[in-house]
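Below, each chain spelled out in residue letters.
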Amino acid sequence: GRGRIIGDYRRVALYGVNRLIEEKQKDIDTKQQEIEQKQEVLGQRMSSAFKSGNASTLDLLLSSASFEELTSNIYYLDKVSEQDNAMIDEVKSLKADLETQKAQLEDDKAALESKQADLTSQKDQLSQLKSEQESQLADVQAKQDEAQTLVDQLNSNVQSLIDQRNAELLAAQEEARRMAASR
């Protein structure tokens with residue numbers, strides 16, 4: 001097998017994990033078909049053995065014309081029995097492997113869903129943070145505009161006061177000149 005998909009997170013972008021899960025599902029489906037085929041073959045062999053019964057085994061042994069033929073027939077029956085047992089063990093092993101792969105796939109799917117939920121949550125948090133920062137920036141900009149308006153008003157007031165003071169000083173100088181000239 002390809003091992004656990006979840007271990008591949010560091011090498012594969014999140015969108016690629018779905019593809020790995022799909023591949024793992026295909027592997028599971030293939031293994032399931034292989035198990036079904038082997039079970040069918042095994043079922044046919046067992047069915048034919050049941051239909052012919054133990055009598056055919058006994059007939060085979062009793063029909064042996066010589067000790068060598070008896071030994072050969074026992075050897076043949078033993079090999080057939082070994083093959084049947086090997087096939088049964090193989091089907092059991094394939095089923096156990098399939099169940100393990102299915103469990104891993106479910107774990108991987110759950111981990112992916114959890115990862116996607118985490119990413120969605122992080123995205124929502126970042127969106128909220130961005131919104132808060134934009135709001136704060138707008139507040140700062142508004143305060144800056146207000147401060148600039150206040151500075152502009154103060155500059156205007158100071159200029160008006162300076163102009164008024166200059167006008168008063170000029171008027172006082174004119175008055176002083178007229179007074180000095182009329183003396």
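Cut-offs used in this document
- As a convention, each chain's residues are numbered from 1 in the sequence order in which they are written.
- Two thresholds apply to this predicted model, a pLDDT of at least 70 for residue-level local features and 80 or more for giving and counting side-chain atom pairs, whereas whole-chain, interface and lining totals are computed over all residues.
- Values reported for side chains reflect all heavy atoms of the structure, with hydrogen atoms and water molecules removed beforehand.
- Helix numbering and strand numbering both begin at the N terminus, where a helix is a DSSP run of H or I of at least 4 residues and a strand a DSSP run of E of at least 2.
- Burial status follows relative accessibility: with a 1.4 Å probe on protein chains alone, a residue under 20% of its type maximum counts as buried, one over 50% as exposed, and anything between as partly exposed.
- Two residues qualify as a contact provided that any one of their heavy atoms is within 4.5 Å of a heavy atom in the partner residue.
- We get accessible surface area from the Shrake-Rupley algorithm with a probe of 1.4 Å; when it comes to residues, only the shown protein chains can shield them.
- In this analysis, the expected span of each helix is defined as 1.5 Å times one less than the number of residues it contains.
- We count a salt bridge whenever a side-chain nitrogen from Lys or Arg sits within 4 Å of a carboxyl oxygen from Asp or Glu.

A. Up close: the overall build of the chain. When you go through the chain residue by residue, the secondary structure sums to two helices and zero strands. Among the 183 residues that make up the chain, the fraction classed as buried is 13%. A separation of at least 24 residues holds for 74% of the contacts in the chain among residues at least 6 apart in sequence. Accessible surface computed for the chain: about 14300 Å², of which carbon and sulfur atoms make up 53%.

B. Structural context of helix 2 (residues 67–182). Compared with an ideal rise of 1.5 Å per residue, which puts 116 residues at 172 Å, helix 2 spans 167 Å between its outermost C-alpha atoms and is within 8% of the ideal. When helix 2 is considered as a whole, its buried residues turn out to be N73, D84, M87, V91, L94, L98, Q101, Q104, L105, D108 and L112.

C. How the structure looks around the pattern of salt bridges. Taken as a whole and judged by the stated rule, the model has six salt bridges. Put simply, K79 and E82 hold a salt bridge, and the shortest N to O gap is 3.5 Å. Of this pair, K79 and E82 both sit in helix 2, three residues apart, which is roughly one turn of the helix. Assessed through its relative accessible area of 33%, K79 is described here as partly exposed. Linking R178 and E175 is a salt bridge whose minimum nitrogen-to-oxygen distance equals 2.9 Å.

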